[in-house]
There are 2 protein chains.
Amino acid sequence: MKYEVYFKHYLALIEKKLEEMLPPASQYPSVIHEAMRYAVLGTGKRFRPVLVLAAVEACGGNIEEALIPACSLEFIHSYSLVHDDLPALDNDDARRGQPTCHKQFGEDMAILAGDGLLTLALQILGWVEPPKRALRLLAEISTSAGTYGMIGGQVADLIESKSDVDLPMLDYISTHKTGKLIKASVVCGAIVAGASAEIHQKILRYGEYLGLAFQSVDDFLDGDGYSVVIKPRELKQKIRDLIAKAKKEVRPLGRKAEKMQALADMLLRRMPKIKT
Amino acid sequence: MKYEVYFKHYLALIEKKLEEMLPPASQYPSVIHEAMRYAVLGTGKRFRPVLVLAAVEACGGNIEEALIPACSLEFIHSYSLVHDDLPALDNDDARRGQPTCHKQFGEDMAILAGDGLLTLALQILGWVEPPKRALRLLAEISTSAGTYGMIGGQVADLIESKSDVDLPMLDYISTHKTGKLIKASVVCGAIVAGASAEIHQKILRYGEYLGLAFQSVDDFLDGDGYSVVIKPRELKQKIRDLIAKAKKEVRPLGRKAEKMQALADMLLRRMPKIKT
């Protein structure tokens, strides 16, 4: 089944909450709120929020209670795309068939809209009850988003020469630039559901394997990153192994984890589009 | 007495804590941590952190317990300077006699260093005890820093035509761009000290008056903003009135508030340097 169909219920909940959490465009000064809404709404697979909800469900929690951290992670992801697209970084004019935020609103507004989304992402975590859960989510998301996490990976990707980058460095870039936020997504689900330490660990390892698989698939499809140092056949096998490991971690959770299993399978199904 | 001498004890505590809260430059990827440290350490009056500690003292609290929110506010202020200095915004090459962050580390690193500082600023609030206090500080600082606060003021300052800006708009820009974070500084002090609702309100109003006075003095010295629509003599009187109102608010707190009184006086003393 297609991702959009299978996760229809999740996606409807997420879109509604994202809309609700963003400042209205009518609020002065409108342009910044329009830019923030443009960067978040209408596009995107919502992969991270879906992961949060799937993990909550796998741990027997209430998905409604996970919508705030789910939005937080999507805001972090969105701000990182807005800033990464800037001329000083990747200098991209289009994203998902639309002009990038700075092409639409100007570089100044794109920088400030990214700042606004990052601030909002961590602000809304303060609205989670009870306070101790809010603080665990804040610690998880802010650490994963910061310079020991996503930003660190982005910096490494910028400074390391593409030609002589080795496997340990590729692992650093993948696990930080993409992996940390994917891992944080499922861990936030476990936190919201109040999972036991044992289940928390399984969820966390699922997130680590899935994050690495996610970046590897991207590299495979784009022909960069891991594709430069690992032969296509071997990279494909590596991805299959990572997906199998991820699925195995959550198997003990039974049918409750079927959405986590499905997400892993869907990631693998992106592969055959490109011939090896 | 000079600011640096009068607040020597506060400044030593703040510098030490800022140093401690920032990631070490040795941590990979070094360049981003060097850029963050460059943006924060070695320069700056630490006006916001000093305000936090002065407000804690005025409310009879323990200043050691306020060092984390004090650092948070300084990190927010520093990130906003790094991003505002970028070519797409104010395009400044120098700040306090040093090259701006993007001149020193490149635009890409300056954008990411700002993001790193903003993330760190809100992350460290999660380390405050007890949890309820941490969440009150997170709410106060994130709201003041966001698009309903500092970012909103910065956007208004960018989009409103300088030539036909009127007094209500100048008030919006001042209270948001500068005022919100100054108000948040003293309010954070009241939160840490567990001030009563009555004292909290006094502290808050002091912060509002002082924030407006702070921006007015800047405009007076720079010859822009309020200076464009208010005659120098009147602007000077307006500032004197604001300072008097701020001081009056905290008078009932007696000697404990002497540092808050001194800060207001020092702000006024910046004035005569320029002839009217």
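Remember, predicted model here, so these are calculated numbers, not experimental data.

Chemist: Just checking my understanding: could you explain the pattern of salt bridges for this structure?
Modeler: If the charged atoms of two oppositely charged side chains come close together, the side chains can form a pair. Applying the stated rule across the entire model yields 32 salt bridges over all chains. Linking B:Lys259 and B:Glu57 is a salt bridge whose minimum nitrogen-to-oxygen distance equals 3.1 Å. Taken together, the residues span a long stretch of sequence, with B:Lys259 in helix α14 (residues 258–269) and B:Glu57 in helix α4 (residues 47–58) at a distance of 202 residues. On the accessibility criterion, B:Glu57 (23% relative accessible area) is partly exposed. In this structure, B:Lys247 engages B:Asp265 in a salt bridge whose closest nitrogen and oxygen atoms are separated by 2.7 Å. Placement of the pair is B:Lys247 in helix α13 (residues 232–250) and B:Asp265 in helix α14, with a sequence separation of 18 residues. Residue B:Asp265 is classed as partly exposed on the basis of its relative accessible area, which comes to 27%. Taken together, the salt bridges that share partners define one network made up of A:Glu15, A:Arg46 and A:Glu74.

Chemist: What exactly am I supposed to notice about the packing of helix α13 (residues 232–250) of chain A against helix α14 (residues 258–269) of chain A here?
Modeler: To describe two helices that pack against each other, one gives the angle between their axes and the distance between the axes. All names here are of chain A. Two numbers describe how α13 lies on α14: the axes approach to 9 Å, and their chain directions differ by 175 degrees. Regarding the angle of α13 to α14, the classification is roughly antiparallel. Each of Ile239, Arg240, Ile243, Lys247 and Val250 in α13 lies in contact with α14, whose residues at this interface are Met260, Gln261, Ala264, Asp265, Leu267 and Leu268.

Chemist: What am I meant to see in the confidence of the model for chain A here?
Modeler: Regions with low pLDDT should not have their predicted coordinates read in detail. When the pLDDT values of chain A are averaged, the result is 95; 98% of them are 70 or greater. This complex was scored by the predictor with a pTM of 0.97 and an ipTM of 0.97.

Chemist: I'm lost on the nonpolar core in this one. Help?
Modeler: Nonpolar side chains in soluble globular proteins tend to be buried together. Formed by 207 residues in total, the largest nonpolar core has its most connected members in A:Phe75, A:Ile76, A:Tyr206, B:Phe75, B:Ile76 and B:Tyr206. Among the elements that make up this core, the one with the highest residue count is helix α10 (residues 167–193) of chain B (14 residues). Apart from residues lying up to four places away in sequence, A:Phe75 is in contact with A:Leu18, A:Met21, A:Leu22, A:Val40, A:Leu117, A:Leu120, A:Ala121 and A:Ile124.

Chemist: I'm lost on the environment of A:Ala193 in this one. Help?
Modeler: Locating A:Ala193 in the fold gives a position in helix α10 (residues 167–193). Ignoring anything within four residues of it in the chain, the contact list for A:Ala193 reads A:Val56, A:Cys59 and A:Gly61.

Chemist: How should I be thinking about the relation of the copies chain A and chain B in this particular structure?
Modeler: Note: a rotation about an axis with an accompanying shift along it relates these two copies of the chain. Of the transformation superimposing chain A on chain B, the axial component is 0.0 Å and the angular component is 180 degrees, with the fit at an RMSD of 0.0 Å. Classification of the inter-copy transformation places it as that of a two-fold axis. Using C-alpha coordinates, one finds that chain A approaches the rotation axis most closely at A:Pro131, a distance of 3.0 Å. Residue by residue, 100% of the interface of chain A is reproduced at the interface of chain B, so both copies engage with the same surface.

Chemist: Whenever I open this one, helix α3 (residues 30–40) of chain B confuses me. Can you help?
Modeler: Turn by turn, an α-helix covers 3.6 residues, leaving residues three or four places apart pointing in a common direction. Within α3(B), eight of the 11 residues are buried, which leaves the element mostly enclosed by the surrounding structure. Listing the buried residues of α3(B) in full gives B:Ile32, B:His33, B:Ala35, B:Met36, B:Arg37, B:Tyr38, B:Ala39 and B:Val40. Those residues of α3(B) that are buried are in contact with α9 (150–159) of chain A together with α2 (8–21), α5 (67–84), β2 (98–99), α6 (101–105) and α7 (107–123) of chain B.

Chemist: What exactly am I supposed to notice about the interface of chain A and chain B here?
Modeler: Size of an interface, as often reported, equals the accessible area lost when the parts are brought together. Contact with chain A, which involves 47 residues of that partner, is made by 47 residues of chain B. In this assembly, chain A and chain B are joined by zero salt bridges. For the pair chain A and chain B, the interface holds eight residue pairs in polar contact (both at pLDDT 80 or more). Only α3 (30–40), α5 (67–84), α7 (107–123), α8 (131–145), α9 and α10 of chain A provide two or more residues apiece to the side of chain A that touches chain B. Counting residues per element, the side of chain A that touches chain B draws most heavily on α7(A), at 11 residues. In terms of residue class, the side of chain A that touches chain B is built from 29 nonpolar, 13 polar and five charged.

The rules behind each value
- Residues numbered from 1 in each chain as written.
- Chains lettered and ligands numbered in written order.
- Predicted model: local features only at pLDDT ≥ 70, side-chain atom pairs only at ≥ 80, totals over all residues.
- Heavy atoms only, no water.
- Salt bridge = Lys/Arg side-chain N within 4 Å of Asp/Glu carboxyl O.
- Helix = DSSP H or I, 4+ residues; strand = E, 2+ residues; numbered from the N terminus.
- Buried < 20%, exposed > 50% of the residue type's maximum accessible area, 1.4 Å probe, protein only.
- Axes fitted to C-alpha atoms, helices over the stretch in contact; angles between N-to-C directions.
- Parallel < 35°, antiparallel > 145°, perpendicular 65-115°, else oblique.
- Contact = heavy atoms within 4.5 Å.
- pLDDT = per-residue confidence, 0-100.
- Core = buried A, V, L, I, M, F, W, Y, C linked by side-chain atoms within 4.5 Å.
- Least-squares fit on C-alpha atoms with pLDDT ≥ 70 in both.
- Polar contact = N/O pair within 3.5 Å; in protein donor to acceptor, adjacent residues only side chain to side chain.
- Nonpolar A, V, L, I, M, F, W, Y, C, P; charged D, E, K, R; others polar.

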